[in-house]
Amino acid sequence: MSARLDGNIILLEGQCRVEDAEPLLGWLQADSSRVVDLTDAEHLHAAVFQILMALRPPIREGEKDAFVQDWLIPILRVAKSSDAG
Amino acid sequence: MDDLLRHFTVEARELVQQATDDILALEREPAIAAHLDGAFRAVHTLKGSVGLFDFAPMGLALHAAEDLLGALKGAEARIDSDVIDILLECIGQAERWVGAIEQTGQLPPDAGEEGYRLARALRSQLDEGAAQAAPMIPEADVGWIDDLLAAGSDRADLKAHSAGLVAIRYTPRADCFFAGDDPLALLRSVPDLVAVRTTNREPWPPAAEIDPFSCNLRIEALSCAEFDAVKTVFRFVPDQVTIHEVAWRDTAGTHEVGSDGSPSRETSAVGAAASRMLRIDAARIDRLADLVGEMVVAKNSLAHLAALSDEGMDRKDLVQGIQASQAAIDRLVADMHRAVMDVRMMPMRDIFRRFPRAVRDTAGQLGKLIDFSMEGEDVEADKSVVEGLFEPLLHVLRNAVAHGAEPENIRLEAGKSTGTRIVLRARRDGDRIIVEVSDDGRGIDPASIRRAAQERGVAPGDRIERMSDAEAIELIFAPGFSTASEITDLSGRGVGMDAVRSAIERLGGQVGVQSLLGRGTTIRFSLPLTIVMTKVMAVRVGGETYGIPIDGVLETAFVAASRILPIQEGEAFVLRDRTLPLVRLVDLLGISRVSDPGRGAKVLIMSAGDERVGVAVDGFAERMDVLMRPMAGILAGMPGVMGTTLLGDGSVLMILDIPELIG
């Protein structure tokens, strides 16, 4: 499993796949203050990514993967700051 | 191949044909809604059956074709020759794929690419049509590109690529995760991204109601890679993506890039020979079932008779009973035989309907104007005859387009209509069918045929000189007459008219040609209705019995010895004021003569080509219907023997090919 819960931190590591979406959603539904750590994420499946977009949890950024860093995380930042529905 | 797949291929062929017919009809009569409805239904049904299997690229292309036809129905797009072309191309590809599926059970490896290309080309027609119907693209549709450009304008690499950009708007289907798609993985593989924006398509539901497996994303991106490179990334989701080429800072200049229409539009005959399925009118099967029922009754009465004979039945009654039973069974067997033959009968339509497109394609490639029509699609013949006609007819039709049709200006000068008329005609003639291809084109010049025949050594020079014009024209069927130099890639394919002739002769038929220089050419095939049963006449020669196909025999005659005149090395006789050459079958077969030449001769009057000839035999025996088996194996090359048949007494009857024996 590339998604795991460590205390109050949700770690998304390596290649996050579609099956990581459901536990991620569960953890965030249970406690929306949990931090999602993308430090070691190499790819986010669209299903995982859209949950982050929808629920806008606090993100810990990483530099492991250029695509995630350059294109995905900025979108989450915008989504968070603009609070767009 | 499993049953489902086999049914699929049969059905798919019919639907492909239906769609082709309707699309061609639509081109002729764009105003008639029935054609459009028919084509739409056929493509829709075909797409549905494709969906049962793992043939995604085929489904993709057909889905796009269906959408285009749907848009035509809704008058959102206009019917023009581009639309017809791409629809036919898609259907043609579908037909080739069905052929491949039939042979290998799967689509060929390049199907993904091709399916995407077709879908793309079809959709570009759709977009063009939509653009014509509603000329302006809604503001919102280009607005997103502006937004993206603005968002990406601070990037140095964007400025460096001011030449052109590719804008992508990708709206994954809600259920795309179940199909195994990861839209972000696709986005990641887009080369040279310069801007990305991802939004939610629908407002996000409250956290507790989010469905993690329903995709609610819309992805917009700019890339400075080549258009084709971007297109390739999205080749499996063309229905969910729009890709535009954008000139830097000139969003008004967005344009869709259409298909790179492939020139190859060879009508596929793949699988025509492979198809061994037979579709049969249910009424014919019912008739067979009835006959089997009657057969059971006849069998029971025979059983009854057998039981009675055990009980010491009177001999006379027994004989009468057996005879009555035999007569009944005889009649039933004959009826059943006829019914089975009927089952094998199929209308010419099944192959004819494939020709309009072939002619259209050939004419299009050669830039000729052709007015093609067909008659006699309802004429029926044995399945093997009808199917065997496809290739030769295709060749002859292509010849008519390639060689028969003249340029329009020449036609007008000659007082003809601009379009060359080509008529494909089938009709019944006794127990034969006649299939003709006539054109009103330039005709065949006997002088140039003579010249070509001499150059190519088709026949001895002096013989060619002596030939009548009609005979000279027949030389086009001679082996070696068609040469590579006149074989275009269209009419040629390495097949000459001699191949057409041998294909027709294999079906038990004959070929003929009539042509008038400047007036047109008619190629005529005469074929037996069925090649299963052959009527033969048995003749006795030198103590042996041989069969001669009766359709070559015009009449029989007894010629008194005094009327046989020796002429040079040969003999001749006069029949009703005409002198006919006489050949003796014993000589043809190389058997030593046993008959007494002084007693006159029994003669079969036969037609050999256009001539009549008398064939002397020792005696006539009965006429019969036989199931002729062609010579196979090492006997296949035996000259003068058409085939063999097994007689009632177990002996083998050789069936002679008299025209071939005469040479």
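Below or above, wherever it landed, is the structure these notes cover. Please read these numbers as outputs of a predicted model, since none were measured by experiment.

Rules of the game
- Residues numbered from 1 in each chain as written.
- Chains lettered and ligands numbered in written order.
- Predicted model: local features only at pLDDT ≥ 70, side-chain atom pairs only at ≥ 80, totals over all residues.
- Heavy atoms only, no water.
- Helix = DSSP H or I, 4+ residues; strand = E, 2+ residues; numbered from the N terminus.
- Buried < 20%, exposed > 50% of the residue type's maximum accessible area, 1.4 Å probe, protein only.
- Contact = heavy atoms within 4.5 Å.
- Areas by Shrake-Rupley, 256 points an atom, 1.4 Å probe, with all protein chains shown as cover.
- Salt bridge = Lys/Arg side-chain N within 4 Å of Asp/Glu carboxyl O.
- Disulfide = S-S within 2.5 Å.
- Pairing = 2+ DSSP bridges.
- Axes fitted to C-alpha atoms, helices over the stretch in contact; angles between N-to-C directions.
- Buried area = accessible area lost by both parts, 1.4 Å probe.
- Phe/Tyr/Trp six-rings, centres within 6.5 Å; stacked < 30°, edge-to-face > 60°.
- Lys NZ or Arg CZ within 6 Å of the ring centre and 35° of its normal.
- Parallel < 35°, antiparallel > 145°, perpendicular 65-115°, else oblique.
- Left-handed = near helix turned anticlockwise from the far one by under 90°.
- Patch = residues over 30% accessible without salt bridge, like charges linked within 9 Å, V, L, I, M, F, W, Y side chains within 5 Å.
- Lys, Arg positive; Asp, Glu negative; His and termini not counted.
- Charge placed at Lys NZ, Arg CZ, Asp CG, Glu CD.

Considerations on the overall build of chain B
At step 1: Along the backbone of chain B there are 21 helices and 24 strands.
At step 2: Per-residue burial over chain B gives 45% buried out of 663 residues.
At step 3: At a minimum sequence separation of 6, the contacts of chain B that also span at least 24 residues come to 70%.
At step 4: As displayed, chain B offers around 32,500 Å² of accessible surface, 53% of which is attributable to carbon and sulfur atoms.

With respect to the pattern of salt bridges
Residues and elements named next belong to chain B.
At step 1: Overall, the coordinates contain 38 salt bridges over all chains when judged by the stated rule.
At step 2: A salt bridge links Glu436 to Arg425, with the shortest nitrogen-to-oxygen separation between them at 3.0 Å. Residue Glu436 is found in strand S10 (residues 432-439), and its partner Arg425 is found in strand S9 (residues 420-429); the two are separated by 11 residues along the sequence.
At step 3: When its relative accessible area of 6% is taken as the criterion, Glu436 is described as buried.
At step 4: The salt bridge involving Arg524 is made with Glu436; its shortest N-O contact spans 2.6 Å. Of the two residues, Arg524 is situated in strand S12 (residues 520-528) and Glu436 in strand S10; the sequence distance between them amounts to 88 residues.
At step 5: Taking relative accessible area as the criterion, Arg524 reaches 27% and is therefore assigned partly exposed.
At step 6: One connected set of salt bridges, linked through shared partners, spans Arg287, Glu294, Arg331, Asp335 and Arg338.

Structural notes on the state of the cysteines
At step 1: For the structure on display, the rule yields 0 disulfides over all chains.
At step 2: No disulfide involves Cys176 of chain B; its nearest neighbouring cysteine sulfur is the one of Cys215 of chain B, lying 4.0 Å away.

Concerning the sheet that holds strand S6 (residues 59-60) of chain A
All names here are of chain A.
At step 1: The mixed open sheet is built from 4 strands, whose spatial order is S1-S2-S4-S6. On the outer flanks of this sheet lie strand S1 (3-6) and S6, each paired with one strand and no other.
At step 2: Of the strands in this sheet, S1, strand S2 (9-12) and strand S4 (35-37) are in contact with helix H1 (residues 21-30), which crosses S2 at around 165 degrees.

Here's the deal with unusual backbone geometry
At step 1: Positive phi, normally seen in glycine, also occurs at Arg56 of chain A, with a value near 50 degrees.
At step 2: Of the residues examined, Arg56 of chain A reaches a relative accessible area of 24% and is grouped as partly exposed.

Looking at the interface of chain B and chain A
At step 1: Counting from both sides, the interface comprises 29 residues of chain B and, opposite them, 24 residues of chain A.
At step 2: A buried area of about 2,100 Å², summed over both sides, lies between chain B and chain A, and 69% of it is on carbon and sulfur atoms.
At step 3: It is Leu184, Arg188 and Trp204 of chain B that lose the most area in chain B upon contact with chain A, and together they represent 31% of the buried surface on that side.
At step 4: On inspection of chain B and its partner chain A, the count reaches 1 salt bridge.
At step 5: A salt bridge links Asp65 of chain A to Arg188 of chain B; the shortest N-O distance between them is 3.0 Å.

As for the pairing of strand S2 (residues 193-200) of chain B
All names here are of chain B.
At step 1: Counting buried residues in S2 gives 6 out of 8 residues, a clear majority hidden from the surface.
At step 2: Sheet topology places S2 next to strand S3 (residues 217-223); 7 bridges connect them, and they run antiparallel. Bridged to Thr198 within S3 is Ile219.

Let's talk about the packing of aromatic side chains
All names here are of chain B.
At step 1: Summed over all chains, the structure comprises 6 aromatic pairs over all chains.
At step 2: Ring centres 5.9 Å apart and planes at 35 degrees place the aromatic pair Phe8 and Phe55 in the tilted group. Here Phe8, found in helix H1 (residues 3-28), pairs with Phe55, found in the loop between helix H2 (33-50) and helix H3 (56-73); they are 47 residues apart in sequence, far enough to count as distant.
At step 3: Their ring planes at 70 degrees and their centres at 5.1 Å tell us that Tyr170 and Phe234 sit as a pair that is edge-to-face. Here Phe234 lies in the loop between helix H9 (227-233) and strand S4 (241-247) and Tyr170 lies in strand S1 (residues 165-170), a separation of 64 residues in the sequence.
At step 4: Take Tyr170: its relative accessible area is 1%, and that puts it in the buried class.
At step 5: Through successive ring pairs, a cluster of aromatic residues spans Phe8, Phe53 and Phe55.
At step 6: The ring of Phe40 is capped by Lys73, whose NZ or CZ atom sits 4.9 Å from the centre of that ring.
At step 7: In this structure, Arg354 packs its charged tip against the face of Phe390, placed 4.1 Å from the ring centre.

Things to note about the sheet that holds strand S17 (residues 570-575) of chain B
Residue and element names in this part refer to chain B.
At step 1: Read across the open sheet, the 6 strands follow the order S15-S19-S20-S18-S17-S16; overall the sheet is mixed. Unpaired on one side and paired on the other, strand S15 (553-559) and strand S16 (564-567) mark the two borders of the sheet. Averaged over all pairs of adjacent strands, the angle between their axes in this sheet comes to 35 degrees, without regard to strand direction.
At step 2: Here 3 bridges tie strand S18 (residues 578-584) to strand S20 (residues 611-617), and the two strands are oriented parallel to one another. Across the sheet, Leu582 pairs through a bridge with Gly614, a residue of S20.

Considerations on the packing of H1 of chain B against helix H13 (residues 355-366) of chain B
Any two packed helices are characterised by how steeply their axes cross, that is the angle between the axes, and by the distance between the axes.
Residue and element names in this part refer to chain B.
At step 1: As a packed pair, H1 and H13 sit with axes 9 Å apart at the nearest point and diverge in direction by 55 degrees. One way to sum up the angle between H1 and H13 is to call them oblique. Taken as a pair, H1 and H13 cross one another with a handedness that is left-handed. Judged by residue contacts, Thr20, Leu24 and Glu27 of H1 engage Pro356, Arg357 and Arg360 from H13.

As for a negative patch on the surface
Residues and elements named next belong to chain B.
At step 1: Together, Glu471, Glu474, Asp610 and Glu611 give the surface a local cluster of negative charge.
At step 2: By the secondary structure assignment, Glu474 is in helix H18 (residues 469-474).
At step 3: Of the residues examined, Glu474 reaches a relative accessible area of 31% and is grouped as partly exposed.

A word on the environment of Glu380 of chain B
Residue and element names in this part refer to chain B.
At step 1: You can see Glu380 is positioned in strand S8 (residues 380-382).
At step 2: With a relative accessible area of 27%, Glu380 lands in the partly exposed category.
At step 3: It is 9.9 Å that separates the C-alpha atoms of Glu380 and Asp350, two residues lying 30 residues apart in sequence.

Side note on helix H2 (residues 46-55) of chain A
Residues and elements named next belong to chain A.
At step 1: Taken across its 10 residues, H2 has 9 buried, putting it largely inside the fold.
At step 2: Regarding H2, the residues found buried are Ala46, Ala47, Val48, Phe49, Gln50, Ile51, Leu52, Met53 and Ala54.
At step 3: Phi turns positive one or two residues past the end of H2, at Arg56, with a value near 50 degrees.

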